[in-house]
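Topology and contacts: notes
Residues per chain, in single letters:
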Amino acid sequence: MVSTGRHHGFESLEEQRPLVVLDFLRVAEVLPQPFTLDFEHVRGQARHTPDFLAVLPNGDRWLFDVRLRGLVEDADAVRFAAAREAAEACGWAYTVVTGWRRHVWSVLDHLSSQRRPLTDRLGLEPQLQAAVRGGPRPFGEVVESTSLPVVAPAHATHLLWHRRLALDLGSPLGDGSLLWPGGGPAEVR
């Protein structure tokens, strides 16, 4: 992850996706499989190891389990309830990730392609930022306004990942997607 400067383990592509999202949120730290809970419930003893514990930029903790919606069984629900109680006892947030809206994942996956440092020898990034200073403009128009529109999308994507341009993640990314000035690295609240 770019935000932590390290690689983080995951056991499936479904577990990789929250790591990309956490990287986009600029987490301070991520711990895969941070601990194992041993607990009792009405049917006896059980164990559960949550998938990730994330430390947000403001210091808050967020515990995650990842399981596709169609694969959550009754025993999983008991384990997730135990993890939620443990998280609440520690003052942490807890989420079970069961999937993503298709367009949200596709946009974040695309933006993550330009998360690493990118040299702007052609000076396109200031041109892209200047194109939205007057207010929101469609992605396609912003790119076409530069001196080299064929290269500009990669730089626009880089600026979006790094919050120097902004985009509504509620819609698929396309030429008509509105871009506006970003405020630099976002703080998660």
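What comes next is a walk through the structure.

What counts and what doesn't
- Residues numbered from 1 in each chain as written.
- Predicted model: local features only at pLDDT ≥ 70, side-chain atom pairs only at ≥ 80, totals over all residues.
- Heavy atoms only, no water.
- Core = buried A, V, L, I, M, F, W, Y, C linked by side-chain atoms within 4.5 Å.
- Buried < 20%, exposed > 50% of the residue type's maximum accessible area, 1.4 Å probe, protein only.
- Helix = DSSP H or I, 4+ residues; strand = E, 2+ residues; numbered from the N terminus.
- Contact = heavy atoms within 4.5 Å.
- Pairing = 2+ DSSP bridges.
- Patch = residues over 30% accessible without salt bridge, like charges linked within 9 Å, V, L, I, M, F, W, Y side chains within 5 Å.
- Areas by Shrake-Rupley, 256 points an atom, 1.4 Å probe, with all protein chains shown as cover.
- Salt bridge = Lys/Arg side-chain N within 4 Å of Asp/Glu carboxyl O.
- Axes fitted to C-alpha atoms, helices over the stretch in contact; angles between N-to-C directions.

**Re the nonpolar core**
Leu-22, Val-27, Val-30, Leu-128, Leu-160, Leu-165 and Leu-179 are the most contacted members of the largest nonpolar core, which totals 34 residues. For this core, the secondary structure elements donating two or more residues are helix H1 (13–24), strand E4 (52–55), strand E5 (61–66), helix H3 (102–112), helix H4 (124–131), helix H5 (139–144), helix H6 (152–161) and strand E8 (165–167). Once you skip the residues sitting within four places of it in the chain, Leu-165 turns out to touch Leu-128, Gln-129, Val-132, Ala-156, Leu-159, Leu-160, Leu-179, Trp-180, Pro-181 and Gly-182. In terms of nonpolar packing, the next biggest core, distinct from the first, is built from eleven residues, Leu-37, Leu-63, Ala-82 and Ala-87 among them.

**Points about the sheet that holds strand E9 (residues 178–181)**
Strand order in the open sheet made by the three strands is E7-E9-E8, with antiparallel pairing throughout. Taken across any chain shown, the strands that pair with only one partner, and hence form the sheet edges, are strand E7 (137–138) and E8. Pairing of E8 with E9 involves three bridges; the strand directions are antiparallel. Bridge pairing links Leu-167 to Leu-179 in E9.

**A word on the pairing of E4**
Neither face of E4 is exposed, since Phe-52 and Ala-54 on one face and Leu-53 and Val-55 on the opposite face are all buried. Here E4 folds back onto E5, and the loop between the two strands holds five residues, one of which, Gly-59, carries a positive phi near 95 degrees.

**Comments concerning unusual backbone geometry**
Look at Gln-33: it is not a glycine, yet its phi comes out positive at around 40 degrees. Locating Gln-33 in the fold gives a position in the loop between strand E1 (29–32) and strand E2 (37–41). Of note in this structure, Arg-163 is not a glycine but carries a positive phi near 65 degrees. Assignment of secondary structure puts Arg-163 in the loop between H6 and E8.

**So, the pairing of E9**
Alignment of E7 against E9, held across two bridges, turns out to be antiparallel. Counted as the bridge partner of Pro-138 is Leu-178 from E9.

**Comments concerning a nonpolar patch on the surface**
Taken together, Leu-122, Leu-148 and Val-150 make up a surface patch of nonpolar side chains, about 290 Å² in accessible area. Looking at where Leu-148 falls in the secondary structure, it is placed in the loop between H5 and H6.

**Here's the deal with the sheet that holds E5**
Spatially, E1-E4-E5-E6 is the arrangement adopted by the four strands of the open sheet, whose pairing is mixed. Each edge of the open sheet carries a strand with a single partner, namely E1 and strand E6 (93–97). Direction aside, the axes of adjacent strands within the sheet are offset by 20 degrees on average. Running at roughly 155 degrees to E5, H1 makes contact with E1, E4, E5 and E6 of the sheet. Across the sheet, helix H2 (residues 74–90) is in contact with E5 and E6; its angle to E6 comes to roughly 155 degrees.

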